[in-house]
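If you want the building blocks of each chain, they are given just below.
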Amino acid sequence: MNNQSNRGNKTLLIILVIILLIGSALGIWYWGIYKPEQEAKEKARLEQVAKQEAEQKRKEQEAQKKINYDELIENADTEFEQENWETAYSLYSDASSLFPNQQYPQDQLALVNAELDEKAALEAKRAAGIVETVSSLTGRFYIIISSSVDGDLAMDYASKLSKEGNNVKIIEPDATTNKLFHRVSVGDYDTWDQAVNASTSFTNYGSEIWVLKY
């Protein structure tokens, strides 16, 4: 009886050892292999999702940036056509900062800078009462508001007008055509129509305003 009992205990012990070994092996596999693999897969999945979301966000931001760029360029072109140089410069600068490699806003900024430099030089001349003189044919159309045989009198009048903010030029006498008058101009244009249309803005200088091609 005791031998049977001992054999039964040994068998039970062996079974328990086997169960323990199997459990340990399963634990080692689960925690050492399966669990890390699943965590690595989940981490990779989450990283891929995050990458896709980041790429989608980047594309949306780029699309919005392009929309903003096109709007800035459109507004800048409008201001450019209206010769609002400071506003145009600001808008082209903003557009260029969005896409620094785009050549168009850089080219426009160069044009605007040239206009601003010319404007600054003109303002400096006006502030100092400096009047430009025209002594040779230019092919342009000038708005004449005064003519005088006295050059000093014409210059004094022109300086006064310049300080008031006018773009004044004096067309000097032309001996070849027997024109002995110093003619005071408050604007010059590329075409006759432009000059005639602009002359209506100077009616406050009298009714004897006329356009001269010189």
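The structure under discussion appears in the preceding block.
Read on for a plain summary of the structure. Residue indices follow the written sequence of each chain, beginning from 1 at its first position. Reporting in this predicted model follows two pLDDT cut-offs: at least 70 for local features of residues, and 80 or more for side-chain atom pairs to be given and counted; totals over whole chains, interfaces and linings ignore these cut-offs and use all residues. With hydrogens and water excluded, all non-hydrogen atoms of the structure serve as input to the side-chain values.

Some words on the sheet that holds strand β3 (residues 169-171)
Adjacent strands of a sheet form backbone hydrogen bonds with each other and so pair up, either parallel or antiparallel.
So, point 1. The strand order across the open sheet formed by 5 strands is β1-β3-β4-β2-β5, and the pairing between neighbours is mixed. In this open sheet, the two strands that pair with only one neighbour each are β1 (132-134) and β5 (210-213). The mean inter-strand angle of the sheet, taken between neighbouring strand axes irrespective of direction, is 40°.
So, point 2. By definition in these notes, contact holds between two residues if any of their heavy atoms fall within 4.5 Å. Angles run from 0 to 180 degrees between N-to-C directions of axes, and those axes are lines fitted to C-alpha atoms, restricted for helices to the stretch in contact. Every helix listed is a DSSP run of H or I at least four residues long, and every strand listed is a run of E at least two residues long, numbered separately from the N terminus. Sitting on the sheet, helix α4 (residues 151-163) touches β1, β2 (141-148), β3 and β4 (182-189), and the angle it makes with β4 is about 35°.
So, point 3. Together, β2, β4 and β5 form the strand contacts of helix α5 (residues 192-199), whose direction differs from that of β2 by roughly 55°. Two strands qualify as a pair provided DSSP detects at least 2 bridges between them.

Section: α4
So, point 1. Taking 1.5 Å of rise per residue, the 13 residues of α4 would be expected to cover 18 Å, and the 18 Å separating its terminal C-alpha atoms lies within 8% of that figure.
So, point 2. Burial in α4 covers these residues: Ala 154, Ala 158, Ser 159, Leu 161 and Ser 162. Buried positions in α4, seen along its axis, are confined to an arc of 165° and lie on one side of it. Away from its buried face, by an angle of more than 90 degrees, α4 presents the exposed residues Asp 152, Leu 153, Asp 156 and Lys 163. Expected span of a helix: the number of residues minus one, times 1.5 Å. With a 1.4 Å probe rolled over the protein chains alone, any residue whose accessible area is under 20% of its type maximum counts as buried; one over 50% counts as exposed, and the rest are partly exposed. Directions are taken from the helix axis to each C-beta atom, and the arc is the one they span.

A look at the packing of aromatic side chains
So, point 1. Stacked, tilted and edge-to-face pairs are distinguished by plane angle, under 30 degrees for stacked and over 60 for edge-to-face with tilted covering the rest, among Phe, Tyr and Trp rings (Trp via its six-membered ring) whose centres lie within 6.5 Å. Applying the stated criterion to the full structure yields 8 aromatic pairs.
So, point 2. Consider the rings of Tyr 30 and Trp 31, whose centres lie 5.0 Å apart with planes at 85°: the pair is edge-to-face.
So, point 3. Aromatic side chains Tyr 69 and Phe 99 sit 5.2 Å apart centroid to centroid with 85° between the ring planes, which places their arrangement in the edge-to-face category. Here Tyr 69 is found in helix α1 (residues 2-81), whereas its partner Phe 99 is found in the loop between α2 (85-98) and α3 (103-128), with 30 residues between them in sequence.
So, point 4. When its relative accessible area of 7% is taken as the criterion, Tyr 69 is described as buried.
So, point 5. Members of the aromatic cluster, joined through ring pairs, are Trp 29, Tyr 30, Trp 31 and Tyr 34.

A few points about a nonpolar patch on the surface
So, point 1. Where nonpolar side chains cluster on the molecular surface, the patch consists of Ile 14, Ile 18, Ile 22, Leu 26, Trp 29, Tyr 30, Trp 31, Ile 33 and Tyr 34 and spans about 930 Å² of accessible area.
So, point 2. One can find Tyr 30 in helix α1.
So, point 3. Judged by relative accessible area, Tyr 30 falls into the partly exposed class, the value being 31%. Surface patches are drawn from residues lacking salt bridges whose relative accessible area is over 30%; two like charges belong together within 9 Å, two nonpolar side chains (Val, Leu, Ile, Met, Phe, Trp, Tyr) within 5 Å. All accessible areas in this document rest on Shrake-Rupley with a 1.4 Å probe, and a residue is counted as covered only by the protein chains that are shown. Only one rule defines a salt bridge in this text: a Lys or Arg side-chain nitrogen within 4 Å of an Asp or Glu carboxyl oxygen.

Observations concerning the side chain of Gln 108
So, point 1. Among the secondary structure elements, Gln 108 is positioned in helix α3.
So, point 2. In this structure Gln 108 touches Asp 77, Phe 80 and Tyr 92, once residues within four positions along its chain are discounted.

Considerations on the environment of Asp 156
So, point 1. Position of Asp 156 among the secondary structure elements: in helix α4.
So, point 2. Considering only alpha carbons, one finds Asp 156 and Gly 139, 17 residues apart in sequence, at a separation of 26 Å.

Things to note about the pairing of β2
So, point 1. Among the 8 residues that make up β2, 6 are buried, leaving the element largely enclosed by the rest of the structure.
So, point 2. Summarising the sheet, β2 and β4 pair through 6 bridges and their orientation is antiparallel. Along β4, the bridge assignment pairs Ser 148 with His 182.
So, point 3. For β2 and β5, the ladder comprises 4 bridges, and the chain directions are antiparallel. Note on β5: the bridge partner recorded for Ile 143 is Val 211.

Quick look at α5
So, point 1. Buried residues of α5: Ala 195, Ala 198 and Ser 199, and no others. End-on view of α5: buried residues confined to an arc of 105°, all on one side of the axis. α5 presents Asp 193 and Asn 197 as exposed residues on the side facing more than 90 degrees away from its buried surface.
So, point 2. Of the surrounding secondary structure, the elements contacted by the buried residues of α5 are β2, β4 and β5.
So, point 3. The N-cap of α5, judged by a side-chain oxygen 3.1 Å from the amide nitrogen of Gln 194 a few residues on, is Thr 191. N or O atoms within 3.5 Å of each other form a polar contact, as long as, within protein, one can give a hydrogen and the other can take it, and as long as residues adjacent in sequence are counted only when both atoms are side-chain atoms.

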